[in-house]
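Here is how the chains run, residue by residue.
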Amino acid sequence: MAWNALYSSAFEKIRSRIRNVGRVLLAYNTNIDAVKYLDGGDLERRVEAVGKDEVFRYTDELPERIENVHQLLGSILWSIKRGKAAELFVESCSTRFYMRRWGWDELRMGGQVGIMANLLGGVYGVPVIAHVPQLSRLQAGLFKDGPIYVPRVENGKLKLLHPRDFSGDEENCVHHIYEFPRGFTVFDLKAPRENRFIGSADDYNPNVHIRPEFHEHFEEIAGEAEVAIISGLQTLTKENYHEPLETLRGHLEVLEERGVPAHLEFAFTSDEKVRKALVDMLGLFHSVGLNEVELASIMEVLGNRAIAKKLLTNDPVDPVTVTDAMFKLAEKTGVKRIHFHTYGYYLVLTGYKGEYVRDALLFAALAAAAKAKLGDVRNIDDVAKAMDVPVNERVGGVEEALAEQYGMREGIAEVNGHQLAFVPTRIVVRPKSTVGIGDTISSSAFVGEFALR
Ligand code: AMP
Ligand code: GLC
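Notes on the structure in this doc start here. Note that the structure is predicted; figures quoted are calculated from it, not measured.

Regarding the overall build of the protein
Step number 1: Looking only at helices and strands, the protein features 18 helices and 18 strands.
Step number 2: Taken against the 2.2 N^0.38 rule, which gives 22 Å for 453 residues, the C-alpha radius of gyration of the protein at 21 Å falls within 12% of a compact globule.
Step number 3: In terms of overall dimensions, the protein has C-alpha extents of about 60 × 60 × 45 Å along its principal axes.
Step number 4: Looking at the protein as a whole, 61% of its 453 residues are labelled buried.
Step number 5: Sequence-distant contacts in the protein: of pairs separated by 6 or more residues, those separated by 24 or more amount to 74%.
Step number 6: For the protein, the exposed area adds up to about 18,200 Å²; of that, 46% sits on carbon and sulfur atoms.
Step number 7: Where the 54 positive side-chain charges of the protein centre and where its 64 negative ones centre are 3 Å apart.

Structure, rendered in structure tokens:
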């Protein structure tokens, strides 16, 4: 069957069943994304005003965190030069003030939890319970209508409320997102592809601050959930990771006891110690989602340098190398589902079998195309309309390699007692925005599977 036909049949199946999925628990990171679409002239003037030489120092190597405006502008240029995403914590108040005055074009829901809550609850109608470290009025206003809940404790009793009914007056956790399109030019730097730099003016999410309701009532909260998605651990450092990871371990044990499968959204974790600690905990998860850079970074800490290098050399990434890496990770950790996504295709390795695993990927690819095209997916019809975005033709070689190596047909193969599923994705040539596409892919595929089980 041609991919278009597989796409529409998967979409129809999941659309009709997705509301049958029980509650999804989402923890831990939610914030406000203040998105600024960069203007070349404006950026050049800002760089000149503070001193070009000093700023350009950071285009070769990112600082660890942002302590002044030079570092902020230099880090933005670092991202543009490479077409790569990066995110740094903004420590200095004066730089936070500079970013606020620079302004933004739109305020959007941010953080993996926030983005997934709006998509699953607000668009798909799947009930979610979200961890929101700080519920300000602005933050609450970014949640869509729908079955989205946050826990509140009243007289020792747990209640689940829509974030707007929580009436919180806590702090604003703002992440400034500087987006640029492919070909964006500033001085002699030209972006090889669209991407963004994120400066997090936020003291809660970067430290994985966990709310008292989640410390004190987790068993009850977990008892309300059918599946869980964990994210937001990527910003931890060797200085602050112990406590949050111990809390996470406790949470995972509770979820396990209650038979709630958990997915880890593995964003790029620059601290190697934290990355290693997360890999050591992967066996406690049912599933993990990652891209080529993240998979390579895991191969690095597992001592497989050659594979790590190969994962970063070819574009599109060689699927046989990806499969080898996924097997290594599965063997090492025991995680039952590994979902890999890259520009152009997705692969998922599972310890169980069924076409529904591939169909969930197709659904996710439609949702991703809608997100890339619009920046925000408003309703399920937006997802349906992404059928207009053509299926990526650049990955023909990927499909052939999988057929040759594993005898794959229609995106499914059996390899060493596991199932390997593949889909070519739909690529939006001029995306509105790049933030949150990965979250859209991983949550749609994971929850899509449960809709079809
Ligand atoms: P992440 O790297 O986790 O932020 O996720 C980005 C993913 O989004 C990539 O792996 C691609 O699969 C997908 N993606 C990026 N750009 C586009 C685009 N223009 N159209 C469709 N999907 C995209
Ligand atoms: C990270 C960023 C957040 C952004 C999200 C998108 O969590 O901190 O600002 O919305 O990634 O995936």
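Next comes the rest of the account.
Observations concerning the site of ligand 1
Step number 1: For ligand 1, the set of nearby residues contains 15 residues, the closest of which are N291, H341, T342, V428 and I437.
Step number 2: Note that an oxygen atom of ligand 1 is positioned 2.8 Å from one of the side-chain N or O atoms of H341.
Step number 3: Here an oxygen atom of ligand 1 sits 2.9 Å away from a polar atom, N or O, in the main chain of T342.
Step number 4: Of all the elements, helix α18 (residues 437-452) adds the most residues to the shell around ligand 1, at three residues.
Step number 5: In the shell around ligand 1, the residues fall into eight nonpolar, four polar and three charged.

Structural notes on helix α12 (residues 292-301)
Step number 1: Burial analysis of α12 places seven of its ten residues in the buried class, the great majority of the element.
Step number 2: Within the sequence span of α12, burial applies to E294, L295, A296, S297, I298, M299 and V301.
Step number 3: Lining the buried residues of α12 we find α11 (272-281), β14 (287-291), α13 (305-311), α14 (319-333) and β15 (337-342).
Step number 4: Structurally, the start of α12 carries an N-cap: the backbone nitrogen of V293 is 3.1 Å from a side-chain oxygen of N291.
Step number 5: One or two residues past the end of α12 sits G303, with phi positive at roughly 85°.

Structural notes on the packing of aromatic side chains
Step number 1: Using the criterion set out here, one finds eleven aromatic pairs in the structure.
Step number 2: Between F214 and F218 the ring centres are 6.4 Å apart and the planes differ by 45°, which places this aromatic pair in the tilted class. The pair F214 / F218 is uniform in exposure class, with both members buried.
Step number 3: A centroid spacing of 6.1 Å and a plane angle of 45° characterise the contact between F340 and Y345, whose relative ring orientation is tilted.

So, the nonpolar core
Step number 1: In terms of nonpolar packing, the biggest core is built from 134 residues, with V24, Y124, L233 and L295 touching the most fellow members.
Step number 2: For this core, the element with the most residues is helix α15 (residues 355-374), which contributes 14 residues.
Step number 3: Here this core gathers at least three residues from each of two domains, domain 1 (3-30 + 110-142 + 204-452) and domain 2 (33-109 + 173-200).
Step number 4: In terms of nonpolar packing, the next biggest core, distinct from the first, is built from 26 residues, V55, A86, V90 and F187 among them.

Some details on the sheet that holds strand β4 (residues 106-110)
Step number 1: Sheet architecture is open: five strands sit in the order β3-β11-β8-β2-β4, paired in mixed fashion. Every other strand in the sheet has two partners, leaving β3 (86-89) and β4 as the edge strands with one partner each. Between one strand and the next, the sheet's axes are offset by a mean angle of 25°, whatever the strand orientation.
Step number 2: Note: strand β8 (residues 174-180) against strand β11 (residues 195-201), seven bridges, orientation antiparallel. Residue pairing for β11: Y178 is matched across the bridge by F197.

A short note on the site of ligand 2
Step number 1: Near ligand 2 there are 15 residues, and of these D33, E87, G111, H175 and D439 occur at the shortest range.
Step number 2: Interatomic distance of 3.4 Å between a side-chain N/O atom of N31 and an oxygen atom of ligand 2.
Step number 3: Contact between ligand 2 and G111: an oxygen atom at 2.9 Å from a main-chain N or O atom of the residue.
Step number 4: Protein contacts shield 94% of the accessible area of ligand 2, which totals 310 Å² for the unbound molecule.
Step number 5: Among the elements of the structure, β2 (31-37), α6 (112-123) and β8 are those that each provide at least two residues to the shell around ligand 2.
Step number 6: A per-class count over the shell around ligand 2 returns four nonpolar, eight polar and three charged.
Step number 7: Counting residues domain by domain, the shell around ligand 2 receives three or more from each of domain 1 (3-30 + 110-142 + 204-452) and domain 2 (33-109 + 173-200).

What counts and how
- Residues numbered from 1 in each chain as written.
- Chains lettered and ligands numbered in written order.
- Predicted model: local features only at pLDDT ≥ 70, side-chain atom pairs only at ≥ 80, totals over all residues.
- Heavy atoms only, no water.
- Helix = DSSP H or I, 4+ residues; strand = E, 2+ residues; numbered from the N terminus.
- Rg over C-alpha atoms; globule rule 2.2 N^0.38 Å.
- Buried < 20%, exposed > 50% of the residue type's maximum accessible area, 1.4 Å probe, protein only.
- Contact = heavy atoms within 4.5 Å.
- Areas by Shrake-Rupley, 256 points an atom, 1.4 Å probe, with all protein chains shown as cover.
- Lys, Arg positive; Asp, Glu negative; His and termini not counted.
- Charge placed at Lys NZ, Arg CZ, Asp CG, Glu CD.
- Near = heavy atom within 4 Å.
- Polar contact = N/O pair within 3.5 Å; in protein donor to acceptor, adjacent residues only side chain to side chain.
- Nonpolar A, V, L, I, M, F, W, Y, C, P; charged D, E, K, R; others polar.
- Phe/Tyr/Trp six-rings, centres within 6.5 Å; stacked < 30°, edge-to-face > 60°.
- Core = buried A, V, L, I, M, F, W, Y, C linked by side-chain atoms within 4.5 Å.
- Domains from an automatic or database assignment.
- Pairing = 2+ DSSP bridges.
- Axes fitted to C-alpha atoms, helices over the stretch in contact; angles between N-to-C directions.

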